[in-house]
Structures are given as C-alpha cells and as structure tokens.
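Secondary and tertiary structure notes
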Protein chains: 2
Amino acid sequence: MYLGSCRYKLPSPTDDPASYEKIFDTFEEMEVDSFFYIGGNDSMDTVLKLSSYAAERHKPVKVLGIPKTIDNDLMHTDHTPGFGSAAKYIATCLREIWHDTMIYHVKSVTIVEIMGRDAGWLTAASALAREDETTAPHLIYLPERPFSVPRFLSDVHHLLDVQDNVVVAVSEGIRDKDGAYISASVSTSDTFGHSQLSGAGKALELLVKEAFGVKVRSIEINTLQRCAAHLLSQTDQNEAMQLGAKAVQSAVSGLSGHMMVIDRLTNDPYTTAIATFPIEKIANGVRSVPLSFINNEGNDVTEEMLIYLRPLILGEPVIHYENGLPEYLSVAHLIK
Amino acid sequence: MYLGSCRYKLPSPTDDPASYEKIFDTFEEMEVDSFFYIGGNDSMDTVLKLSSYAAERHKPVKVLGIPKTIDNDLMHTDHTPGFGSAAKYIATCLREIWHDTMIYHVKSVTIVEIMGRDAGWLTAASALAREDETTAPHLIYLPERPFSVPRFLSDVHHLLDVQDNVVVAVSEGIRDKDGAYISASVSTSDTFGHSQLSGAGKALELLVKEAFGVKVRSIEINTLQRCAAHLLSQTDQNEAMQLGAKAVQSAVSGLSGHMMVIDRLTNDPYTTAIATFPIEKIANGVRSVPLSFINNEGNDVTEEMLIYLRPLILGEPVIHYENGLPEYLSVAHLIK
C-alpha cells in the first residue's frame with residue numbers, strides 16, 4: 001500500500017482518528033501482518049505513531065522502521081542507507097571540480113553548496129575528495145558551528161595569499177550566531193517582479209566577489225546528490241539489504257515499534273552488526289555532527305570524521321547501461 | 001611547453017610581435033617539429049595565427065589543431081571530443097532528476113539550466129534522457145530560437161493541466177527576440193551589498209512561481225557537466241584517440257594549418273572517418289544547432305537531432321576507483 005511520498009507528516013490519532021481507522025482497516029482487509037516504513041525522521045515519526053496506536057488498541061499488525069536518508073541524521077544508528085552513496089557522489093564531485101579549477105592560473109574561489117539543513121554530514125563527506133593536503137576542499141563549514149562572515153573572509157584571504165584556487169564546501173544550513181541562515185535575495189527585474197532568498201553558496205559568492213574582486217563561482221550540487229544512482233557505494237547498498245532482511249526477521253519474531261540500526265563494531269577492518277532500537281528513542285531526534293568531528297577553527301573536519309566516513313563509500317556496484325544511459329526501475333510502474 | 005590554460009586568446013603578431021618571437025624561438029631551441037593545440041574556438045584561433053605566422057616566415061614547425069570542447073560548436077567537424085561524454089552526463093542527470101521528481105504527487109516544475117552560451121547542443125542532449133513519451137525533459141529551449149516568456153509560461157501551463165511534474169531543460173544562453181539574456185538580479189542584503197545577474201534557470205524559476213504558485217526548483221548543472229570524468233562515453237574517448245593519432249600522422253606527412261575533423265559516414269551502424277580541414281575555415285566560426293533539429297514550436301528537438309545524438313554517448317570505459325573514489329591523473333603533476 002502506498003501511504004504517500006516522503007516529507008509527509010502523519011497527524012496524531014487525536015487530530016485525525018479517521019485516517020488511523022482507514023489505515024488499520026486496510027491492513028485488516030488486505031491481511032497485512034507487518035508494515036515496514038522506510039525513510040528518515042518524518043517516516044520514523046509515522047512508525048512511532050502507528051506502532052503506538054497498534055499497541056494501545058491491541059492491533060495485530062507489527063510496525064517497523066527501516067532507515068533511509070542521505071542526511072544521515074537518525075539517532076541511534078551509526079549511519080543510514082543512502083548516506084554512503086551520497087557521500088561518495090559528493091566527494092567525487094568535489095574532486096572533479098578541483099581538477100576543473102586548478103588548471104587556471106588566476107586567483108579564484110569556488111563555493112560548493114551541499115545539502116544539510118540541520119546536520120553537516122554530507123558537507124563533511126566532501127573532505128574525502130582530497131588527494132593530498134593541497135587539494136580541494138580547502139575550507140569546510142557545517143551548520144553545527146555558528147558561521148561568521150568576517151571569519152570566513154579571513155580564512156579565504158589567508159588561502160588566496162598562498163595559492164591560486166580555493167575551493168570551499170558549505171552546508172546549505174549554515175547560520176550566524178543568532179541562528180539566521182546565510183542567504184542573499186534574488187529578484188526578477190521584469191514585469192513579473194518576484195523575489196526570494198538564494199542559498200548560502202550564492203550569498204558567499206557575492207561576499208567573496210565584493211571582498212576580493214577575484215573570479216568566484218558557486219555551485220549548488222542540488223538534488224543530484226540524492227538521486228545520482230549511477231554512482232553508488234557497494235557498502236551502502238549491502239547494508240540497505242541487510243537492514244531490510246533484519247526487518248523481516250524482526251517482524252516474524254513478533255517485534256513492533258522498533259527501527260533497524262547499524263552498530264559499527266570496528267573500523268579496520270570495517271565490521272558492523274545489524275540490530276533494532278525502540279522507535280520512541282529515535283523519532284523526532286536529530287543526530288548532528290559531534291563537535292569532536294569539527295576542528296577548533298570551525299573550518300574543517302578532523303581525522304576522527306575521516307575515520308568514520310572512509311568505509312562508507314567503498315565499493316562500486318555494477319550499473320546496467322542501455323543505449324549509453326543507466327537504466328532505472330520506474331517507481332511509477334510499481335505503484336498502482 | 002605550456003602556453004596557458006583555456007579561454008586564452010592570443011593577440012595578433014602585429015599587436016604583440018614579441019610573443020610570437022618568443023614562441024618560435026622556444027620551438028627552435030627545443031627542436032619542436034610539430035605543435036598540436038587541443039581545444040575549442042579560442043584554441044583554433046591560436047592555431048590559425050601560429051600556423052599563418054609560421055607559413056609567412058617560412059618557419060619549419062607544423063601547427064595543427066585537435067578539436068576538444070563540450071560545446072560541440074566547431075565548424076566542419078560532425079562533433080567534437082568532450083561533447084559525447086558531457087551529453088551522456090547531462091542525459092543521465094535529467095533521467096535521475098526525473099526519477100527524483102516524479103514520486104511527488106504535487107504539481108511541480110523543475111528547471112534544469114545547461115551550458116551553452118551560443119549553441120544549444122548540450123541542452124539538446126537532455127532529450128536522450130527520455131524513457132518514453134511521458135518522461136523528462138518535457139520542454140527544451142535552445143539559444144538558436146528567440147525565447148518568449150509568455151510562450152514559455154503557456155507551454156508550462158498546458159503541461160501542468162495534464163500532469164503533476166514538469167521538467168524543463170534550458171540553455172544558459174537563451175535570449176529574447178531583442179537578444180537580451182533571460183536573467184534575474186541577485187543581491188546581498190547585508191552590509192557587503194553587492195549584486196549580479198543570475199542564470200536563466202533561476203529567472204525562469206521565479207517566473208513560474210509567480211505565474212502558477214506551484215512548487216518550483218531550478219538546478220544548474222554547472223561545471224560538473226564539463227568535469228564529471230567518472231561518466232564518459234567510450235565512443236567519445238575512442239574518437240579523441242583517433243583524432244590525436246591523425247594529428248601525428250598529418251604532421252609527419254608535412255601538413256600544417258589544419259584541424260583534425262570527424263566525418264560521419266553512416267548512422268546505423270555508426271561509422272566515421274577522421275580527416276583534416278583548413279584551419280582558416282574553422283577558426284572564429286560557431287556551429288549552431290540547425291533549425292531542422294528544433295521543432296516548429298521551439299520547445300523541443302526533432303527526431304533528426306536524436307538520430308544525430310544517439311551514437312555519441314555509447315559505451316562505458318572502465319573507471320579506476322581507489323578508496324571508493326575515481327582516481328584521476330593530476331595536470332599539475334604534468335606541467336612543470
């Protein structure tokens with residue numbers, strides 16, 4: 001049964017009893033024994049609400065959560081499926097942007113805006129792009145630390161003194177010390193006159209251009225970081241399968257109201273165990289980047305972060321190409 | 001010898017005789033027999049100037065051009081190395097953006113801005129993304145036809161009437177009937193106050209939002225379309241090698257002042273011949289998309305364009321990955 005697409009927040013049973021009745025009537029009608037809900041924070045909120053409702057009313061259906069979000073911000077799991085592949089894609093983009101930038105012998109600043117409104121995991125993954133200590137990204141800013149414009153300009157200034165090309169990775173969610181997003185205003189000048197806020201990347205582009213007068217470009221990786229299925233992490237794909245298998249086993253053994261989680265056992269070799277965790281401790285929490293993963297200056301990640309990230313992007317699944325393009329199964333054909 | 005990076009326009013011998021003397025002295029000193037210059041329009045202008053200078057002054061060095069530009073806008077060659085891979089990347093992005101968009105059951109418009117200031121080849125390549133007649137891109141606008149805002153809004157309106165998600169591919173270089181670029185103005189609202197023009201994608205995003213009030217997003221593929229070396233066309237790579245080999249053979253046989261070109265012999269099977277063409281007929285021209293490759297409404301490409309494009313993206317070279325990321329040779333290590 002299709003319950004709607006992502007970003008859907010289920011109302012509480014008090015606010016919308018009819019929906020709950022319909023959902024559980026449908027479960028009964030269709031003889032649904034177990035309901036698996038795959039997603040991020042909003043989806044886990046749904047798992048909490050449905051499993052609590054089922055428990056309170058002694059409904060037989062088991063409700064379990066399976067994590068899946070590139071944001072990597074679910075509590076009590078080492079990481080989430082989707083993140084490793086997005087991290088691999090972002091690091092690849094940063095490496096390619098560096099090779100595109102470094103051939104020009106003029107002072108330039110390239111700002112790459114990466115997804116992450118509240119957590120900086122994806123932006124941190126850009127650090128994996130580095131081939132040695134001289135290559136991009138040269139500065140990394142996450143939303144977990146307040147963003148200071150003067151401090152940022154000083155960071156860029158120091159680098160421009162010693163090198164031609166500076167590449168900056170920045171989370172879309174960076175905010176100043178008062179919690180205001182860093183953004184610029186955009187407006188059409190024609191008769192349709194409309195305006196809106198730009199992202200952090202465009203705002204920093206304008207600031208750098210004004211401050212230093214050098215060549216500046218901002219690149220927003222945009223939705224490609226969550227949909228570039230031609231560049232996946234095999235580790236990520238394997239773990240997604242393991243979490244799905246664990247969910248089925250858990251349902252068969254009678255468990256409900258839990259999310260499947262990944263516990264990391266060792267880093268080298270990288271080993272994990274798949275476990276379950278009570279959904280009420282997961283739903284509506286956000287797992288931010290720990291401050292020990294960010295350097296003191298707030299403009300880079302630490303070796304601890306790199307140790308955490310490295311295993312997650314390993315391995316390349318075989319992608320099926322037809323007529324020169326990757327072939328994907330269409331969700332539209334699966335949902336009736 | 002490294003003559004500077006791309007986007008460099010060599011002055012004429014009249015304006016800068018010293019540079020020419022230095023270049024040809026260096027050729028003599030280093031016993032350079034042949035000079036191959038790889039690039040797009042600006043580079044072919046350099047080949048013209050250096051080869052004419054050499055001919056006039058009876059310098060023994062042979063100067064030959066090897067085409068390489070994702071813009072695909074060099075005259076007298078069926079296409080240029082770089083284009084096939086960029087086309088494959090753009091079509092892949094459009095397909096992935098469609099799979100990311102079509103899962104949402106709300107009215108939405110996604111505008112993808114693609115490179116091409118004067119020629120629409122890259123934007124046209126987005127059409128390869130289609131899996132059937134319902135999938136993205138639904139509208140395609142190239143700079144070869146004047147862009148009309150009312151006509152564009154009417155095109156979008158008709159589609160929104162019959163489907164949820166509309167994806168538009170648009171060249172950065174679209175202009176109105178008076179030749180003015182379609183753009184919006186962007187400014188910082190803080191003390192650094194600075195403003196500049198946005199791209200076409202952002203401008204159309206604002207227009208659509210104002211006109212229809214639906215969910216709108218603009219995505220600028222940006223420099224990734226020219227540097228995403230993890231997704232290459234094998235056909236493109238093979239032809240680049242063939243053009244390089246032909247250049248060496250031509251130099252050995254004494255030719256100068258020519259560019260290597262690809263002649264297409266047949267489409268199915270796709271066969272080509274590598275030939276040479278006088279540089280003076282190539283330099284400073286721009287090969288635009290023929291009007292027969294664009295539909296009458298100016299909002300899509302024709303089957304003729306697809307027949308032209310299809311062979312160019314075929315085949316996937318093996319990419320070497322290390323630690324989960326593609327490994328690239330660094331130009332910095334080659335240039336001393």
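Residues numbered from 1 in each chain as written. Chains lettered and ligands numbered in written order. Predicted model: local features only at pLDDT ≥ 70, side-chain atom pairs only at ≥ 80, totals over all residues.

Some words on the relation of the copies chain A and chain B
Note the cut-off: Here the copies are matched by least squares. The fit uses the C-alpha atoms of residues with pLDDT of at least 70 in both. For the purpose of contact definition, each residue receives a C-beta atom placed from its backbone, and two residues are in contact when these atoms lie within 7 Å.
For the pair chain A and chain B, the superposition axis carries a translation of 0.0 Å, the fit reaches an RMSD of 0.0 Å, and the rotation angle comes to 180°. On this basis, the relationship between the two copies can be described by a two-fold rotation axis. Of the residues that chain A buries at the interface, 100% are likewise interface residues in chain B, meaning the two copies contact each other through the same surface.

Quick notes on helix α8 (residues 234–252) of chain A
Residue and element names in this part refer to chain A. Put simply, the rule is: Strands here mean DSSP runs of E at least two residues long; helices mean DSSP runs of H or I at least four residues long; both are numbered from the N terminus. What a helix should span is 1.5 Å times the count of its residues minus one. Three exposure classes are used, based on other C-beta atoms lying within 10 Å of a residue's own C-beta, which is placed from the backbone: buried for 20 or more, exposed for 12 or fewer, and partly exposed in between. Taken from the helix axis, the directions to the C-beta atoms give the arc we talk about.
In this model α8 runs 27 Å from its N-terminal to its C-terminal C-alpha over 19 residues, within 8% of the 27 Å that 1.5 Å per residue would give. Those residues of α8 that fall on the buried side of the exposure criterion are Thr-235, Asp-236, Glu-239, Ala-240, Leu-243, Lys-246, Ala-247 and Ser-250. One side of α8 carries all its buried residues, which in axial view fall inside an arc of 135°. Turned more than 90 degrees off the buried face of α8, the exposed positions are Met-241, Ala-245 and Val-252. Next to the buried residues of α8 lie β1 (34–39), β2 (62–67), α3 (83–101), β9 (258–267) and β10 (270–278). Directly after α8, the chain includes Gly-254, whose backbone phi takes a positive value near 95°.

Thoughts on the environment of B:His76
All names here are of chain B. With respect to the helices and strands, the residue His-76 is situated in the loop between β2 (62–67) and α3 (83–101). A count of 18 C-beta atoms within 10 Å places His-76 in the partly exposed class. Measuring from C-alpha to C-alpha, the distance between His-76 and Ile-282 comes to 6.7 Å, with 206 residues separating the pair along the chain. The contacts of His-76, once residues within four sequence positions are left out, are Val-261, Phe-277, Lys-281 and Ile-282.

Details of helix α6 (residues 200–212) of chain B
Given 3.6 residues per turn, any residue in an α-helix points the same way as the ones three and four places further on. All names here are of chain B. Spanning 13 residues, α6 covers 18 Å between terminal C-alpha atoms, matching the ideal 18 Å at 1.5 Å per step. Taken together, the buried positions of α6 are Ala-200, Gly-201, Lys-202, Ala-203, Leu-204, Glu-205, Leu-206, Leu-207 and Val-208. Looking one or two residues past α6, Gly-213 carries a phi angle of roughly 65°, positive in sign.

Remarks on the domain arrangement of chain A
All names here are of chain A. The condition is simple: Start and end positions for the domains come from either an automated domain assignment or a database one. Residues were grouped as follows: Ala, Val, Leu, Ile, Met, Phe, Trp, Tyr, Cys and Pro as nonpolar; Asp, Glu, Lys and Arg as charged; and all remaining residues, including Gly, as polar.
Here chain A is described as being made up of domain 1 (17–81 + 231–293 + 319–334) and domain 2 (86–227). Each of domain 1 and domain 2 has a C-alpha centre, and these two points are 32 Å apart. In this complex, domain 1 contributes twelve residues to the contact, which on the side of domain 2 involves 15 residues. When its residues are assigned to classes, the side of domain 1 that touches domain 2 shows six nonpolar, three polar and three charged.

With respect to the sheet that holds β2(A)
Sheet strands pair by backbone hydrogen bonding; their relative direction is either parallel or antiparallel. Residues and elements named next belong to chain A. So the rule is basically this: Here the rule is simple: two strands pair whenever DSSP picks up at least two bridges between them. Axis lines are fitted to C-alpha atoms, over the contacting stretch for helices. Their N-to-C directions set the angle, which ranges from 0 to 180 degrees.
Strand order in the open sheet formed by four strands is β1-β2-β9-β10, and the pairing between neighbours is mixed. Across the chains shown, the open sheet's two edge strands, defined by having one partner strand only, are β1 and β10. Each adjacent strand pair in this sheet contributes to an overall mean axis angle of 30°, direction not counted. Pairing analysis gives six bridges linking β1 to β2, with the strands arranged parallel. The partner of Phe-35 across the bridge, within β2, is Val-63. This element, α8, spans β1, β2, β9 and β10 of the sheet and lies at about 170° to β2.

Here we look at the nonpolar core
In plain terms, the rule: Nonpolar cores are built from buried Ala, Val, Leu, Ile, Met, Phe, Trp, Tyr and Cys residues. These are joined into a set through C-beta atoms within 7 Å.
Of all hydrophobic cores here, the largest spans 131 residues; its most connected members are A:Ala87, A:Ile90, A:Ala124, B:Ala87, B:Ile90 and B:Ala124. Once residues within four sequence positions are removed from consideration, B:Ala87 is found in contact with B:Leu122, B:Ala125, B:Leu128, B:Leu309, B:Leu312 and B:Ile313.

Considering the packing of helix α5 (residues 149–162) of chain A against helix α6 (residues 200–212) of chain A
All names here are of chain A. What counts here: Orientation is classified from the angle alone, with under 35 degrees giving roughly parallel, over 145 giving roughly antiparallel, 65 to 115 giving roughly perpendicular, and any other angle giving oblique. Should the near helix be turned anticlockwise from the far one by less than a right angle, the crossing is termed left-handed; should it be turned clockwise, right-handed.
Taken N-terminus to C-terminus, the directions of α5 and α6 make an angle of 60°; their axes are 11 Å apart at the nearest point. Considered as vectors, α5 and α6 are oriented oblique to each other. Viewed along their axes, α5 and α6 form a crossing whose handedness is right-handed. Along the contact surface, α5 presents Val-149, Leu-153, Val-156 and Leu-160, while α6 presents Leu-207, Val-208, Ala-211 and Phe-212.

Here's the deal with the interface of chain A and chain B
At the interface, 56 residues of chain A touch 56 residues of chain B. Top contributing element to the side of chain A that touches chain B by residue count: α3(A), with nine residues. Classifying every residue of the side of chain A that touches chain B gives 27 nonpolar, 18 polar and eleven charged.

What to know about the sheet that holds strand β8 (residues 215–220) of chain B
All names here are of chain B. Reading across from one edge, β4-β5-β3-β8 is the order of the four strands in this open sheet, with parallel pairing throughout. A single partner strand is all that each edge strand has here, and the edge strands are β4 (139–141) and β8. Mean inter-strand twist for the sheet, computed between neighbouring axes without regard to direction, equals 15°. Pairing geometry for strand β3 (residues 108–114) and β8, over six bridges, is parallel. Within β8, the position partnered with Ser-108 by the bridge is Lys-215. Along the sheet, α6 contacts β3, β5 (165–171) and β8; its crossing angle with β8, the most-contacted strand, is approximately 175°.

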